[in-house]
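Descriptive analysis of the structure
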Amino acid sequence: MQLHPVPGLPEIGPGDDLASLVAERVDLDSGILCLASTVVSKAEGRIAALDEFPAGPRAREIAARLEERTDEEKDPRFAQAVLEESTDLLMESPFLLTETRFGHICVNAGIDRSNTGGEDLLLLPKHPSESAARVSEALSVPVIVTDTCGRPFRHGQRGVAIGWAGTPASRDWRGESDRDGRELGVTVENVIDELAAAANLVAGEGDGGVPAVVVEDFEFGEMDGSDEHFRDVEDDYVRQALRGWSYE
Ligand code: GDP
Ligand code: MN
Ligand code: MN
Ligand code: MN
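Rules behind the numbers
- Residues numbered from 1 in each chain as written.
- Chains lettered and ligands numbered in written order.
- Predicted model: local features only at pLDDT ≥ 70, side-chain atom pairs only at ≥ 80, totals over all residues.
- Heavy atoms only, no water.
- Near = heavy atom within 4 Å.
- Polar contact = N/O pair within 3.5 Å; in protein donor to acceptor, adjacent residues only side chain to side chain.
- Areas by Shrake-Rupley, 256 points an atom, 1.4 Å probe, with all protein chains shown as cover.
- Helix = DSSP H or I, 4+ residues; strand = E, 2+ residues; numbered from the N terminus.
- Nonpolar A, V, L, I, M, F, W, Y, C, P; charged D, E, K, R; others polar.
- Donors = N, O, S within 2.8 Å, 3.2 Å for Na, K, Ca; no water.
- Buried < 20%, exposed > 50% of the residue type's maximum accessible area, 1.4 Å probe, protein only.
- Domains from an automatic or database assignment.
- Contact = heavy atoms within 4.5 Å.
- Buried area = accessible area lost by both parts, 1.4 Å probe.
- Salt bridge = Lys/Arg side-chain N within 4 Å of Asp/Glu carboxyl O.

Considering the site of ligand 1
Every one of the 23 residues lining ligand 1 counts as a neighbour, but L9, T38, D112, A203 and G206 are closest to it. One of the side-chain nitrogen or oxygen atoms of T148 is found 2.8 Å away from an oxygen atom of ligand 1. One of the backbone N or O atoms of A203 is found 2.7 Å from an oxygen atom in ligand 1. Protein chains bury 96% of the 580 Å² of accessible surface belonging to ligand 1 in isolation. Top element by residues in the shell around ligand 1 is helix 2 (residues 37-43). It accounts for four residues. When its residues are assigned to classes, the shell around ligand 1 shows eight nonpolar, nine polar and six charged.

A few points about the coordination of the manganese ion (ligand 3)
In an ideal tetrahedron of four donors about a metal, each angle is 109.5 degrees. In an ideal octahedron of six donors, the angles are 90 or 180 degrees. Coordination of the manganese ion (ligand 3) by the protein comes from T148 (OG1) and E205 (OE), over a distance range of 2.1 Å. If you look at the manganese ion (ligand 3) and the manganese ion (ligand 2), they sit 5.1 Å from each other. Residue T148 is located in strand 8 (residues 143-150), and its partner E205 is located in the loop between helix 6 (191-203) and strand 12 (212-216); the two are separated by 57 residues in the primary sequence. We classify E205 as partly exposed; its relative accessible area is 48%.

A short note on the domain arrangement of the chain
Splitting the chain by domain gives domain 1 (1-45 + 125-248) and domain 2 (47-124). Computed from C-alpha coordinates alone, the two centres of domain 1 and domain 2 are separated by 24 Å. Taken together, the contacts link 20 residues of domain 1 with 20 residues of domain 2. Of all residues in domain 1, the largest losses of buried area upon contact with domain 2 belong to F230, R239 and L242, amounting jointly to 28% of the total for that side. Across the salt bridge formed by R243 and D88, the nearest N and O atoms sit 2.4 Å from each other. Applying the counting rule to domain 1 against domain 2 returns seven residue pairs in polar contact (both at pLDDT 80 or more).

This is the structure we're talking about:
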């Protein structure tokens, strides 16, 4: 497998056609295109000013609690934006752990304050898999939309897939055997997250200007694929433990 950055992409703005901008720069007759959510959001006009989110009582309460707990200034308008972009709040302190409308669990509803193109806030794409599908259709290759995310239990962030099209999300190893002939019982490998992490490593996080990376020579193989990616709460024991209840 090889990863190639797409060179020379400009600053992306509302209405830009990402598929054409990529096609003008690389020959894409095969491979998988990974796009940083940042540029998908910019192209879809998901930029906003803090003033567009006048804080209600709940946002003010959340921001005040965060301020107290973290000793940092917190803008209640930002808390309001996070609330509006979320369908569930899993933690309110010392940071906002949210579920987005499309099922992704992340801090602050994935609202970015870096590489925003000068505006205050960059919201995640509304439906990243639909965004991926549009680009995938235009270019006839699979597309993965990535974001840089933290995760519990480990320091640091890495790329994850928040949308995908043209490839299954996972590869099902159940029923395959290990080297001792034992049948694998539970392993479903989340391929799109693995590819997103690799692409994100190439893209970087700063001013490098590489929001698009092509994965070449990756073979999904003959194994069954599945499109299960985000867990529902019924199926997510860590989330249930966090809430202190069990969903039976
Ligand atoms: P995120 O992981 O989706 O939040 O995106 P990042 O902010 O980490 O940016 C990923 C990569 O895309 C970095 O190399 C950025 O410099 C680059 N990038 C972000 N926005 C733009 C843009 O509008 N144009 C170009 N060419 N690169 C961008
Ligand atoms: Mn981001
Ligand atoms: Mn990033
Ligand atoms: Mn192993």
